Amino acid sequence: MNKRFHFALAVLATSMAFASVVTADAADKLEGIELVWKPTSPMSERTPVDVKGLEGIKLQIDPFIDQREDPAFIGRNVNRSPVRRVTTKDNVARFVTYQMKSLLSGLGLDVVESGGDVILKGEVKKFFAEETNRYNAEVELKAMLTDVNGKILWVVATSGTSSRYGISYKADNYYEVLSDALIGATHELVHNPGFRKALTEK
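We now turn to the structure provided with this report. (Residues numbered from 1 in each chain as written. Predicted model: local features only at pLDDT ≥ 70, side-chain atom pairs only at ≥ 80, totals over all residues. Heavy atoms only, no water.)

Considering the overall build of the protein
Next up, step 1: Regarding its fold elements, the protein presents 4 helices and 9 strands.
Next up, step 2: Ordering the α and β elements of the protein from the N terminus gives α-β-β-β-β-β-α-β-β-β-β-α-α.
Next up, step 3: Of all 202 residues assigned to the protein, the portion counted as buried reaches 41%.
Next up, step 4: Of the contacts made within the protein by residues no fewer than 6 positions apart, 75% connect residues no fewer than 24 positions apart.
Next up, step 5: For the protein, the accessible surface area stands at approximately 11400 Å², while carbon and sulfur atoms represent 54% of it. (Helix = DSSP H or I, 4+ residues; strand = E, 2+ residues; numbered from the N terminus. Buried < 20%, exposed > 50% of the residue type's maximum accessible area, 1.4 Å probe, protein only. Contact = heavy atoms within 4.5 Å. Areas by Shrake-Rupley, 256 points an atom, 1.4 Å probe, with all protein chains shown as cover.)

Here's what the structure looks like:
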């Protein structure tokens, strides 16, 4: 009886240990995570953008198109072998579109869903963070401004980067550098003299 009891305990302990390993391994993977907006500083802390004279212009921002090869792949950690991936279940292009609308509205621009005087269309070329000894993120966008008839007013490539130290392979750190890099790409876009020119000379 004692032998059977001890054997059962051994089997139970082994099963629990295996379950713990499986759970830990699953928890150690940042795959299928949500996209979270988590900038470390607002765009207002960057070089001021002059929007005087642009307040009465309705800027329509159409949904961005994702041109990346793998829409779910947003980061990786190369400190361990095999390389650990970071993927999202959310729509990156939709996320970029929404955040850009919020950022431009925050500057004081009149951002509308439809009926705009000028229409901003965009493509997501890169949205990625790589972790080595630091977290390094880069967001690359292609932006095009057109009038209501589809006439192209301006086309430009814009990008932003972010880099910082942080605890290894943590979702919050990926969120922070990606958010800051997107702010950088948006700031570069609106700070470009071509942006104002396209809006005022439509």
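Additional details are given in the paragraphs that follow.
Digging into helix 4 (residues 193–200)
Next up, step 1: Where helix 4 is concerned, the buried positions are Gly194, Phe195, Ala198 and Leu199. The buried residues of helix 4 all sit within an arc of 130° when viewed along its axis, so they share a single face.
Next up, step 2: Next to the buried residues of helix 4 lie strand 2 (58–61), strand 7 (118–131), strand 8 (135–147), strand 9 (152–164) and helix 3 (171–191).
Next up, step 3: You can read the cap of helix 4 off the contacts: a side-chain oxygen lies 2.8 Å from the backbone nitrogen of Gly194, and it is on Asn192. (Arc of directions from axis to C-beta. Polar contact = N/O pair within 3.5 Å; in protein donor to acceptor, adjacent residues only side chain to side chain.)

Quick look at the environment of Tyr174
Next up, step 1: For Tyr174, the position within the fold is in helix 3.
Next up, step 2: Measuring from C-alpha to C-alpha, the distance between Tyr174 and Leu30 comes to 10.0 Å, with 144 residues separating the pair along the chain.
Next up, step 3: Setting aside its immediate chain neighbours within four residues, Tyr174 contacts Leu30, Gly75, Arg76, Asn77, Val86, Ala129, Glu131, Tyr135 and Tyr169.

Re unusual backbone geometry
Next up, step 1: Cis geometry marks the peptide bond from Ser81 to Pro82, where omega comes out at 5°.
Next up, step 2: Position of Pro82 relative to the elements: it lies in the loop between strand 4 (73–77) and strand 5 (84–88).
Next up, step 3: Even without being a glycine, Tyr169 presents a positive backbone phi close to 55°.
Next up, step 4: Relative to the assigned elements, Tyr169 resides in the loop between strand 9 and helix 3.
Next up, step 5: Classification of Tyr169 as buried rests on a relative accessible area of 5%.

Digging into the pattern of salt bridges
Next up, step 1: Counted according to the given criterion, the structure contains 10 salt bridges.
Next up, step 2: The residue Glu123 makes a salt bridge to Lys125 at a minimum N-O spacing of 3.0 Å.
Next up, step 3: On the basis of relative accessibility, which here comes to 41%, the residue Lys125 falls in the partly exposed class. (Salt bridge = Lys/Arg side-chain N within 4 Å of Asp/Glu carboxyl O.)

Points about the side chain of Asn77
Next up, step 1: Within the secondary structure, Asn77 sits in strand 4.
Next up, step 2: A distance of 2.7 Å separates the side chain of Asn77 from the side chain of Glu131, its partner in a polar contact.
Next up, step 3: Setting aside residues up to four positions removed in sequence, Asn77 forms contacts with Val83, Arg84, Glu131, Ser168, Tyr169 and Tyr174.

A short note on the packing of helix 2 (residues 92–107) against helix 3
Next up, step 1: Contact geometry of helix 2 with helix 3 gives a least axis separation of 10 Å together with a crossing angle of 55°. As summarised for this structure, helix 2 and helix 3 are arranged oblique, according to the angle between their axes. Crossing of helix 2 over helix 3 shows right-handed handedness. Between helix 2, through Phe95, Val96, Gln99, Met100, Leu103, Leu104 and Leu107, and helix 3, the contact on the second element is made entirely by Leu182, Ile183, Thr186, Leu189 and Val190. (Axes fitted to C-alpha atoms, helices over the stretch in contact; angles between N-to-C directions. Parallel < 35°, antiparallel > 145°, perpendicular 65-115°, else oblique. Left-handed = near helix turned anticlockwise from the far one by under 90°.)

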